[in-house]
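# Residue-level structure breakdown
So the chains spell out like this:
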Amino acid sequence: MIPREHLRFTDGSTFEASRLTQNLRLLADDVNDALARRYAYSSFTLDFSTVNNTFDPAEFAYQIPTLFAYDIVGVEIELYAATNVTSVTMTVTGAGVSGAETTTAVGAGVTTRAFAQNSFVAQVASGTATYTLSVAASSTPWTLTACRVNVMIRTDRGNAGAAHPMWTPSNLAFPGKTTNEAAFDAEIVAADASTDANIANTKRLRMEVFTRRSIPGGAMAASDQDLPIPPTTRTVAQVVTGVVCAATSSMRGAVRDSSSELVGATATGTGLSSLALATTTTTAAVSIASSTGASDGLIRLSRGTGTDAISFVYTVAYWSL
Amino acid sequence: MTVISASDLNTDLSNIPFNVLSAGSDAGVLYSFSLDTLDLISTTNVGLRTHDFTAPDDAFVTTLHLRVINTVVASKTITATLTAISSDETSVPDYLNQQTVSAAVTFSTAATHFASSDHSSTSLTPVVLVKGITYRLTLTNSGASNVDRAVAVLSVRSFKRRA
């Protein structure tokens, strides 16, 4: 963005208050344009592939605690359905959720993509947002051969620092009057405050979700364990693990750097009909600098106690970049 | 009668846009989209081998990283490819929609955690994601035997927001 061209004043000239007014308005446009770009965008994907009519209702809902306020700016469903599936619908609910709309994709077959996009702006302010998929079917059995839900979000960097005051010049009644120095000073101070907040608020808040379904009992295969994550220096703010499994087993979701675990949360099952959540919050600074294989950063799922089959497990990593 | 310094006034008025321009707002940030497929073979349902997503904001691709876990000894090449699948012809130039980036891993023996990456910044034409355009990540396996798991991770970086 290039700043607007401001009118210049010269010594020895008669002061024209209208020129000052015009400059303040140009300044306000510059500052507010910058504030309008205060959002950080990202996306996370919720996987419902392989879900069928025998799955427990607990496996149709991702409960995602709200570490920081964010806006949902769109939901899209990618669906390859099997016979008997009419449509799938995503809803977002929770005490701190407002403005969310439902999104529905109509099944088009096993190998034909059905894609539904819904752009809206909903606020997720607090509590736990629950992303629930409901399936309409003409009869049973049915299977979602492949089904992913992309949730596009934006976070306001003002939520991770000082308040982001917008600035609108309010004392512009200079023409024809004695220059009001205090009023002018107040405008400059307000503009400075707005600019400084924008400069100071540098944290971008994001989420990643790694999910697995139907892990068999016994030792956990290497193919079920890891999701590589982009290399960058970042701070893990929170890790949440959700699991549906017998009460005699637990699962741990953790963020790792090249050699060791950095932070993780272990959730112990509460039976096959309910989701158990565990949360670990941290301020640990994490440096993940490589993306060449063995030294990747990872989100890793691993067994805690027990060897029971795991119906559904996911980990949400919250970043403050 | 009040005497106003023109230079002071000019300084006051120019400092703010200077600060906004030079330090305000955002540096580029990194996030990702991923496609995670178990038991990948050529007959795996297309829905499990592809992932469509719409870019929430303008960004450029920094890496397409492919990680494969393979325990079956056989000759095969696993490839991850990114393409654009929808466009708004009225607002997005064709060249943005014709970009592709791919990464491949070739096996002759069993291996685990084998990885490859393709860095778009080394190509002559950086790959750009445009807000509102839908993109597709695709995984393919050239061989007849499966790989236990293939994960394609597309890392993107927002444009620096000098505002």
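Sequence order as written defines the numbering, with residues in each chain counted from 1. Think of it this way: whatever chain is written first is A, whatever ligand is written first is 1, and the rest follow in order. Two thresholds apply to this predicted model, a pLDDT of at least 70 for residue-level local features and 80 or more for giving and counting side-chain atom pairs, whereas whole-chain, interface and lining totals are computed over all residues. To obtain the side-chain values, all non-hydrogen atoms of the structure were used and water was disregarded.

## Some points on the overall build of chain A
Rules: Only DSSP runs of H or I reaching four residues or more are called helices, and only runs of E reaching two or more are called strands; each is numbered from the N terminus. Any two residues whose heavy atoms approach within 4.5 Å at even a single point are treated as in contact. In these tables, accessible area is a Shrake-Rupley quantity obtained with a 1.4 Å probe, and a residue counts as shielded only by the protein chains included in the view.
Summing up its helical and strand segments, chain A has two helices and 19 strands in all. In chain A, of all internal contacts separated by at least 6 residues, the share reaching a separation of at least 24 is 80%. By element, 50% of the accessible surface of chain A is carried by carbon and sulfur atoms, the whole surface being about 12500 Å².

## Observations regarding the side chain of Thr103(A)
Here Thr103(A) shows up in strand E6 (residues 103–106). Not counting residues within four places of it along the chain, the set of residues in contact with Thr103(A) comprises Val75(A), Ile77(A), Val88(A), Thr89(A), Met90(A), Ala116(A), Asn118(A) and Phe120(A).

## Observations concerning empty space enclosed by the protein
The line we're drawing: Definitions used throughout: a 1 Å grid over protein atoms alone; a cavity as a set of points that fits a 1.4 Å probe which cannot get out; a pocket as an open set with protein on both sides within 12 Å along at least five of seven lines; a lining residue as one with an atom within 4 Å of a point. Grid points are joined across faces, edges and corners, and a volume is the space filled by probe spheres set on the points. Lys, Arg, Asp and Glu make up the charged group, whereas Ala, Val, Leu, Ile, Met, Phe, Trp, Tyr, Cys and Pro make up the nonpolar group; the residues left over, Gly among them, are polar.
In total, this model carries one cavity of 30 Å³ or more according to the counting rule given. By volume, the largest cavity amounts to about 270 Å³. As for the largest cavity, its lining consists of 18 residues, and the residues nearest its centre are Thr45(A), Val209(A), Phe210(A), Leu227(A) and Ser34(B). Only strand E1 (39–47), strand E11 (205–215) and strand E12 (226–229) of chain A together with strand E2 (30–40) of chain B provide two or more residues apiece to the lining of the largest cavity. For the lining of the largest cavity, a count of residues per class yields eight nonpolar, five polar and five charged.

## So, the confidence of the model for chain B
Residue and element names in this part refer to chain B. To keep things clear, this is the line we draw: Confidence per residue, as judged by the predictor, is encoded in pLDDT with a range of 0 to 100.
Looking at chain B, pLDDT values average 74 and 67% of them are 70 or higher. Of all the helices and strands in chain B, strand E1 (residues 25–26) carries the lowest mean pLDDT, 48, while strand E3 (residues 50–54) carries the highest, 92. Contacts from residues 118–124, a stretch scored under 50 in pLDDT, to residues over four places away or in other chains number twelve contacts. Reported for the predicted complex are a pTM of 0.84 and an ipTM of 0.81.

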